[in-house]
Amino acid sequence: MLKTHYATEVNSGLLGQTVTLAGWVDRRRDHGSLIFIDLRDVSGVIQLAINPEVEPHAHEIGSTLRNEYVVQVTGQVAMRPEGTQNSKLPTGDIEISVKKVEILARAKTPPFYINEEVEVDENVRLRYRYLDLRRSRMKRNILTRHSVIRYMRNFLDSKGFAEVDTPILIKSTPEGARDYLVPSRIYPGKFYALPQSPQQMKQLLMVAGLEKYYQIAKCFRDEDTRADRQPEFTQLDIEMSFVEEGDIMALMEELFSGLVPAIRPDIKVVMPFTRLTYAEAMERFGCDKPDLRYDLQINDVTDITAASGFGVFQKAASAGGRIRGIAAPGCGNYSRRELDGLQEIARSTGAGGVVTVSLGKPGTPAGELEMEDVHSIAAKYMDIEQIRQVATRLKAAGGDLLLLAAGDDDTTSAVLDRLRREIARRLSLADEKTFHFCFVTDFPLFYRDTEHNRWDSMHHPFTSPREEDKPVVAEKPGEVFGRHYDLVLNGYEIAGGSIRIHEADLQRMIFRLLAYTDEQIDERFGHMLEAFSYGAPPHGGIAAGIDRFVMLLCQESSIREVIPFPKNQNAQDLTFGAPDFVAPEQLDDLHIKIDDKIS
Ligand code: ASP
């Protein structure tokens, strides 16, 4: 190699020895005739000292070095002079007294600072991703990603799982998103689809008798890009035979509770993982992926408020809806502007708004509040006893702010979920160094797609109904529960899976319920039904989003920060310039004509 050591391998144990290092010039400082260079390589940074009196030639080259030049240096390991040590660097007590410098590559001035953590426009960073990844935070993120994947592989290997890779060019498999399609050259007019997940293949591996499968799998879903969503993403995909829900959940609990401290010993994992049913999660937190690091629970106050003369409450209750609320501790003194901000957030969910009740006299127990302490448009229509009861139900006291939403459950849940997260953000209630995992179970098997007036799968069509529900699936699809479980971490869904259907008849019946014709079923899923007719074991699995989990582990707020080459917010790859037009001959090969209106 062109080096004998990596920068941070050099330490005071090597004092007086000659070493050769290679890397990038992180920064140069001229102190009179003495030149100091911070040399950066993948391991970190070390200081080089180039003294003209020791090596005039090296000094001559040293004075031409600029940031990001690639150099090879040879020199002696020396202690830094007393008082010049840098305790923040692992190599901060030593330096290399340089004998020889060679420039391996020169560099243009980069479009942004590599050696400083400064805010840079994301599109510029993505255009020059190879420079962005040179920055220490990004390098740390990518290496953390590596450690996570390695841990997963070792863990599953130790549990007897086999890693099996599956193809990228397949036939469409439904996960509820739009497919990416690849035109076939050999079969004009036909297309492959990129997998939204290896779902059907992992199930076929169970039919094949593999029993314990996993894969670090790429998945492709043509959806709008968000902070926690990319057109292509990576998941840890797992499937097992002869298991029930508890087996998969126990496996995940063991994996993640071991993984987090192995990589981030400073993060506390709440044990054991919390378990909530879907109904409980929706009732108490307004969503199926609650952040449990803080309380702020939702409570139903319909029985107290419906009878008040307040129109908003009356209308909601008489339409069969409910009045539910949360209390924001210590926010009773919010200004008009702050309250308006909350209104805006409530409305952004599509709801009419939220009723705010500001309580004065900090510390006063709910039962001792007086009307003069209450500020709200609802106050005129409610008596003090009702307000005291609402405050008591919401575990509030003087000085707090009550947020009440009225309407059907979907509406109030959406509003209160958003407000709950917002209040937690404003009050910094979520401890960054706590990981609170939670399994959510007992999801309905279907939901009503009102736009198309049909049933759709809550998870995907391969999820099994509960055993006791099997006989009534066709009769009462809206009341049936699925054997589906999600793993939630700090407000993010980080994994989802289910026990599958392994009976051909039941699978066909579910497809029919999802409004597929028999012809469509045979054409699209005939291979699965056929496979199930050759002795399929009961099986189930799960898939965990690696990007999202690494994002949380690195305390980043976008998965783009932990993906080496992500798409930008508009689904473009700016490093390569994709998507792009292609040569007309390529299109001819694929029997594709571009609409005149486009080019
Ligand atoms: N295929 C599912 C997904 O990608 C996971 C699973 O059911 O195992 O979300």
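One can find the structure itself at the top, above this paragraph.
Conventions adopted
- Residues numbered from 1 in each chain as written.
- Predicted model: local features only at pLDDT ≥ 70, side-chain atom pairs only at ≥ 80, totals over all residues.
- Heavy atoms only, no water.
- Buried < 20%, exposed > 50% of the residue type's maximum accessible area, 1.4 Å probe, protein only.
- Helix = DSSP H or I, 4+ residues; strand = E, 2+ residues; numbered from the N terminus.
- Contact = heavy atoms within 4.5 Å.
- Patch = residues over 30% accessible without salt bridge, like charges linked within 9 Å, V, L, I, M, F, W, Y side chains within 5 Å.
- Areas by Shrake-Rupley, 256 points an atom, 1.4 Å probe, with all protein chains shown as cover.
- Salt bridge = Lys/Arg side-chain N within 4 Å of Asp/Glu carboxyl O.
- Pairing = 2+ DSSP bridges.
- Axes fitted to C-alpha atoms, helices over the stretch in contact; angles between N-to-C directions.
- Near = heavy atom within 4 Å.
- Polar contact = N/O pair within 3.5 Å; in protein donor to acceptor, adjacent residues only side chain to side chain.
- Nonpolar A, V, L, I, M, F, W, Y, C, P; charged D, E, K, R; others polar.
- Core = buried A, V, L, I, M, F, W, Y, C linked by side-chain atoms within 4.5 Å.
- Phe/Tyr/Trp six-rings, centres within 6.5 Å; stacked < 30°, edge-to-face > 60°.
- Lys NZ or Arg CZ within 6 Å of the ring centre and 35° of its normal.

Undergrad: Describe helix H5 (residues 199-207), with residues and values.
TA: Burial of H5 is extensive: 7 of the 9 residues sit out of reach of the surface. All of the buried residues along H5 are Gln199, Gln200, Met201, Lys202, Gln203, Leu205 and Met206. On its buried side, H5 packs onto strand E9 (212-220), strand E10 (232-241), helix H14 (518-532) and strand E24 (539-545). Looking one or two residues past H5, Gly209 carries a phi angle of roughly 90°, positive in sign.

Undergrad: Which residues make up a nonpolar patch on the surface, and what values go with them?
TA: Residues Phe581, Ile594 and Ile598 make up a contiguous nonpolar surface patch of roughly 360 Å² in combined accessible area. Assignment of secondary structure puts Ile594 in the segment after helix H16 (584-589).

Undergrad: Requested: an account of the sheet that holds strand E6 (residues 162-163), with residues and values cited.
TA: Taken together, the 8 strands give an open sheet; going across it, the order is E6-E9-E10-E24-E23-E22-E19-E12, and neighbouring strands pair in mixed fashion. Pairing within the sheet leaves two strands with one partner each, and these edge strands are E6 and strand E12 (274-277). By the bridge criterion, 4 bridges tie strand E19 (residues 437-441) to strand E22 (residues 484-489) in an arrangement that is antiparallel. Note that in E22 the partner of Cys438 across the bridge is Val488. Against the sheet, helix H4 (residues 136-158) engages E6, E9 and E10, with an angle of about 150° to E9.

Undergrad: Please provide a residue-by-residue account of the site of the ligand, values included.
TA: Close contacts around the ligand come from 14 residues, with Glu175, Gln199, Lys202, His460 and Arg500 the closest. Here His459 contributes a side-chain N or O atom positioned 3.5 Å from an oxygen atom of the ligand. Contact with the protein chains removes 92% of the 270 Å² of surface that the ligand exposes when unbound. Elements with a minimum of two residues in the shell around the ligand: H5, strand E23 (492-499) and E24. Residue composition of the shell around the ligand, by class: 2 nonpolar, 8 polar and 4 charged.

Undergrad: Which residues make up the nonpolar core, and what are the values?
TA: Nonpolar side chains in soluble globular proteins tend to end up buried together. In this structure, Leu236, Met252, Phe256, Phe435, Phe437 and Phe549 are the most contacted members of the largest nonpolar core, which totals 45 residues. No other element matches helix H6 (residues 245-263), which puts 9 residues into this core. In contact with Phe549, other than residues within four places in its own chain, are Val148, Phe256, Leu259, Val260, Phe435, Phe437, Leu489 and Ile494.

Undergrad: Which residues make up unusual backbone geometry, and what values do they have?
TA: With an omega dihedral of -15°, the bond running from Met271 to Pro272 counts as a cis peptide bond. Note on placement: Pro272 falls in the loop between strand E11 (268-269) and E12. In this structure, Pro579 follows Ala578 across a cis peptide bond, with omega equal to 0°. On the secondary structure map, Pro579 appears in the loop between helix H15 (546-553) and H16.

Undergrad: How would you sum up the pattern of salt bridges? Please name residues and give values.
TA: The tally for this structure, following the rule as stated, stands at 53 salt bridges. We note a salt bridge from Glu68 to Arg40, for which the minimum N-O separation is 2.6 Å. Of this pair, Glu68 sits in the loop between helix H1 (56-62) and strand E4 (70-79) while Arg40 sits in strand E2 (residues 34-41); the two residues are 28 residues apart in sequence, bridging distant segments of the chain. The same class applies to Glu68 as to Arg40, namely buried. In this structure, the salt-bridge partner of Arg388 is Glu385, at a minimum N-O distance of 3.3 Å. Of this pair, Arg388 and Glu385 are both found in helix H11 (residues 384-393), 3 residues apart, which corresponds to roughly one turn of the helix. Taking the relative accessible area as the measure of exposure, Arg388 reaches 16% and is therefore buried. Classification of Glu385 by relative accessible area gives partly exposed; the value is 39%.

Undergrad: Please provide a residue-by-residue account of the side chain of Glu556, values included.
TA: Residue placement: Glu556 occurs in the loop between H15 and H16. A polar side-chain atom of Glu556 sits 2.7 Å from a polar atom in the side chain of Arg137. Residues within four places of Glu556 in sequence aside, it is in contact with Arg137, Arg140, Asn141, Met551, Glu561 and Val562.

Undergrad: Requested: an account of the packing of aromatic side chains, with residues and values cited.
TA: Tallied over the entire structure, the rule returns 16 aromatic pairs. Where Phe273 meets Phe437, the ring centres are 4.4 Å apart and the plane angle is 10°; that geometry is what we call stacked. Of this pair, Phe273 sits in the loop between E11 and E12 while Phe437 sits in strand E19, placing them 164 residues apart in sequence. By relative accessible area, which is 4% here, Phe273 ends up buried. Assessed through its relative accessible area of 0%, Phe437 is described here as buried. Taken together, a centroid distance of 4.1 Å and an interplanar angle of 10° make the contact between Phe511 and Phe525 stacked. Placement of the pair is Phe511 in helix H13 (residues 504-513) and Phe525 in helix H14, with a sequence separation of 14 residues. Through a chain of ring-to-ring contacts, three or more aromatic side chains come together here, namely Phe256, Phe273, Phe435, Phe437, Phe439 and Phe549. Against the face of Tyr128 rests Arg127, its NZ or CZ located 4.5 Å from the ring centre.

Keep in mind that these numbers describe shape and distance, not what the molecule does.
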